[in-house]
Amino acid sequence: MQERLEDIAAAMVAGGKGLLAADESSGTIKKRFDAIHVESTENSRRDYREMMFRASDAMKNYISGVILYDETIRQKAADGTPLVEIIKAAGAIPGIKVDGGAKPLAGFPGDTVTEGLDGLRERLAEYYKLGARFAKWRGVIDIDSAKGVPSASSIGANCHALARYAALCQEAGIVPIVEPEVLMDGSHDINTCYDITRATLLKLYAELFAANVKLEGTILKPNMVIAGKASGKTSSAEEVAEKTLKLFRETVPLAVPGIAFLSGGQSDEQATANLNAMNAGGAQPWKLTFSYGRALQAAPQKAWGGKAENVAAGQAAFTHRARMNHLAALGKWQKGEEKTA
Ligand code: 13P
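Keep in mind that what you see is a predicted model, and the values were worked out from it rather than measured.

Visitor: In this structure, what is going on with the pattern of salt bridges? I would like to understand it.
Guide: Between side chains of opposite charge, a pair can form when the charged atoms approach closely. Inspection of the entire model under this criterion finds 29 salt bridges. In this structure, arginine 121 engages glutamate 171 in a salt bridge whose closest nitrogen and oxygen atoms are separated by 2.7 Å. In this pair, arginine 121 sits in helix H7 (residues 120-129) while glutamate 171 sits in helix H8 (residues 152-171), placing the two residues 50 residues apart along the sequence. Linking lysine 147 and aspartate 144 is a salt bridge whose minimum nitrogen-to-oxygen distance equals 3.6 Å. The structure contains a network of salt bridges with shared partners spanning Asp23, Lys97, Lys136, Arg138, Glu179 and Glu181.

See below:
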């Protein structure tokens, strides 16, 4: 496995591979399991994630790394093999979510700031020993223009925390994924998403420079520029690609090796089609790939439904979505490919 930060970061986005975000907190995975009527226990969470990590076609060919949760990085498969070893044996890199979640920002109703810096140096040292070579921290920026959300203070606080996290990761030999997510839940239009994401990325890179973070050893995990879900408008893949790429050219330095998108509540196929549209026009200054949670896992969760006899079906559903997103990361996806599941 690579050890230099820039080599790890390059491997995370190479060859049309992308990241599996399997780092749902216990509260979030419980919500996902509730939807498929599966009880969330230490063992059911393990069985579910083991199913994906043992889908060897997907893991070897389409997935460069997996973002784990604290519980999962310490768990063993049913046969006693550490889950981290299964991921590594497939040639993928283990990663870890290290933030403590978004909390209300005092003085700014409606805004949040992500917590978790206290004791982070010590936790990163432990995660390195457990095999993690990259980490994730998610800042959350909501849009509610009528209420003045987000405030400049919340963008500033989140980007400052992201920069302090990133510097601590690099000190520990871990590549930081910096994720300033502008939520797509609101009723805003695509141009408002553009403006808020622009303000966020400009602030983020100013803070990363100020914190002496080496950009070659980072990965950006952004939202796409897209209309809010409650706006009643669906942005076309062409418009998402055009506006997202224009924004990145204005704000993301060339030293950043790769951009791995979150799916953020887009449908499975929309997340794939939008990524494909961004890559279909040829090479960009950065690799553009996926770091999807929901858009990779909704299908396998449904196919599995908590039953051992459905493990093969769950793995097939996961492998299909991983292959679709791999093709999209290469700009080679076509709608007809969806039927080959
Ligand atoms: P979604 O793809 O479901 O948005 O999750 C990605 C992620 O890791 C958010 O932090």
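And the narrative resumes.
Visitor: Looking at this model, I keep getting lost on the packing of aromatic side chains. Mind explaining?
Guide: A ring pair, where both rings are aromatic, is described by two values, the distance of the centres and the angle of the planes. Counted by the stated rule, this structure contains seven aromatic pairs. Ring geometry for phenylalanine 248 versus tryptophan 286: centroids 6.1 Å apart, planes at 85°, classification edge-to-face. On the criterion of sequence distance, the pair formed by phenylalanine 248 in helix H10 (residues 237-251) and tryptophan 286 in the loop between helix H11 (268-280) and strand S10 (287-292) is long-range, its members being 38 residues apart. According to the relative accessible area criterion, tryptophan 286 is buried, its value standing at 4%. In textbook terms, an aromatic cluster arises when at least three aromatic residues are bridged by ring pairs, as seen for Phe33, Tyr48 and Trp304. Over the ring of tyrosine 128 we find arginine 133, and its NZ or CZ is 3.6 Å from the ring centre.

Visitor: It is not clear to me how the sheet that holds strand S1 (residues 18-21) should be interpreted in this structure. Could you clarify?
Guide: Hydrogen bonds along the backbone pair up the strands of a sheet, which may run parallel or antiparallel. A barrel is described by the order of its strands in space; here eight strands give the closed sequence S1-S2-S3-S6-S7-S8-S9-S10, paired in parallel fashion. Two strands pair when backbone bridges link them, and strand S7 (residues 175-182) and strand S8 (residues 219-220) are joined in this way by two bridges, in the parallel orientation. Looking at the pairing, isoleucine 177 lines up with isoleucine 219 of S8. Where H8 meets the sheet, its contacts fall on strand S6 (134-141) and S7, and the angle it forms with S6 comes to roughly 175°.

Visitor: Just to check I follow, could you spell out the site of the ligand for this structure?
Guide: If you check the shell around the ligand, you find 13 residues, and the closest are Lys136, Lys221, Ser263, Gly264 and Arg294. Glycine 293 is positioned with one of its backbone polar atoms (N or O) 2.8 Å from an oxygen atom of the ligand. Alone, the ligand offers 300 Å² of accessible surface; in the complex the protein occludes 91% of this. Given that more than half its atoms are within 2 Å of the pocket grid, the ligand belongs to the largest pocket. Within the residue set of the shell around the ligand, elements represented by two or more residues are S6 and S10. Classifying every residue of the shell around the ligand by side-chain character gives three nonpolar, four polar and six charged.

Visitor: It is not clear to me how the nonpolar core should be interpreted in this structure. Could you clarify?
Guide: It is characteristic of soluble globular proteins that their nonpolar side chains tend to be buried jointly. Of all hydrophobic cores here, the largest spans 91 residues; its most connected members are Phe53 and Tyr165. Broken down by element, this core gets its largest block of residues, nine residues, from H8. Sequence-distant contacts of phenylalanine 53, defined by excluding residues within four places in its chain, comprise Leu20, Ala22, Met59, Val66, Leu68, Thr72, Leu83, Ile86 and Ile87. If you look at the next biggest cluster of nonpolar residues, it comprises 14 residues, including Leu5, Ala9, Ala21 and Val175.

Visitor: Quick question: what am I supposed to make of the packing of H11 against helix H13 (residues 311-329) here?
Guide: Packed helix pairs are characterised by how far apart their axes lie and by the angle those axes make with each other. The interhelical angle for the contact between H11 and H13, taken along N-to-C directions, is 20°, at an axis separation of 7 Å. Classified by the interaxial angle, the pair formed by H11 and H13 is roughly parallel. Two secondary-structure elements touch here, H11 through Asp268, Glu269, Thr272, Leu275, Asn276 and Asn279 and H13 through Arg321, Met324, Asn325, Leu327, Ala328 and Ala329. Along the lines of polarity and charge, the residues of the contact of H11 with H13 split into five nonpolar, four polar and three charged.

Visitor: Sorry, what's going on with unusual backbone geometry here?
Guide: Excluding glycine, residues mostly carry a negative phi; peptide bonds, for their part, are mostly trans. Residue proline 150 is bonded to the preceding valine 149 through a cis peptide linkage, with omega at 5°. By secondary structure assignment, the location of proline 150 is in the loop between S6 and H8. A positive phi is found at asparagine 212, a non-glycine position, where the angle reads about 65°. With respect to the helices, strands and loops of the structure, asparagine 212 is situated in the loop between helix H9 (190-210) and S8.

Visitor: Mind showing me how you'd approach the layout of surface pockets here?
Guide: One way to see where empty space is left: roll a probe the size of a water molecule over the atoms. Approximately 790 Å³ is the volume found for the largest pocket. What lines the largest pocket is a set of 33 residues, among which Thr28, Arg32, Lys97, Lys136 and Arg138 lie closest to the centre. Here the lining of the largest pocket takes four residues from helix H2 (residues 26-35), the largest share from any one element. Within the lining of the largest pocket, the residues separate by chemical class into eight nonpolar, 10 polar and 15 charged.

The rules we used
- Residues numbered from 1 in each chain as written.
- Predicted model: local features only at pLDDT ≥ 70, side-chain atom pairs only at ≥ 80, totals over all residues.
- Heavy atoms only, no water.
- Salt bridge = Lys/Arg side-chain N within 4 Å of Asp/Glu carboxyl O.
- Helix = DSSP H or I, 4+ residues; strand = E, 2+ residues; numbered from the N terminus.
- Phe/Tyr/Trp six-rings, centres within 6.5 Å; stacked < 30°, edge-to-face > 60°.
- Buried < 20%, exposed > 50% of the residue type's maximum accessible area, 1.4 Å probe, protein only.
- Lys NZ or Arg CZ within 6 Å of the ring centre and 35° of its normal.
- Pairing = 2+ DSSP bridges.
- Contact = heavy atoms within 4.5 Å.
- Axes fitted to C-alpha atoms, helices over the stretch in contact; angles between N-to-C directions.
- Near = heavy atom within 4 Å.
- Polar contact = N/O pair within 3.5 Å; in protein donor to acceptor, adjacent residues only side chain to side chain.
- Areas by Shrake-Rupley, 256 points an atom, 1.4 Å probe, with all protein chains shown as cover.
- 1 Å grid on protein atoms, 1.4 Å probe; cavity = no way out; pocket = protein on both sides within 12 Å on 5 of 7 lines; lining within 4 Å.
- Sits in = over half its atoms within 2 Å of the grid points.
- Nonpolar A, V, L, I, M, F, W, Y, C, P; charged D, E, K, R; others polar.
- Core = buried A, V, L, I, M, F, W, Y, C linked by side-chain atoms within 4.5 Å.
- Parallel < 35°, antiparallel > 145°, perpendicular 65-115°, else oblique.
- Points joined across faces, edges and corners; volume = space filled by probe spheres on them.

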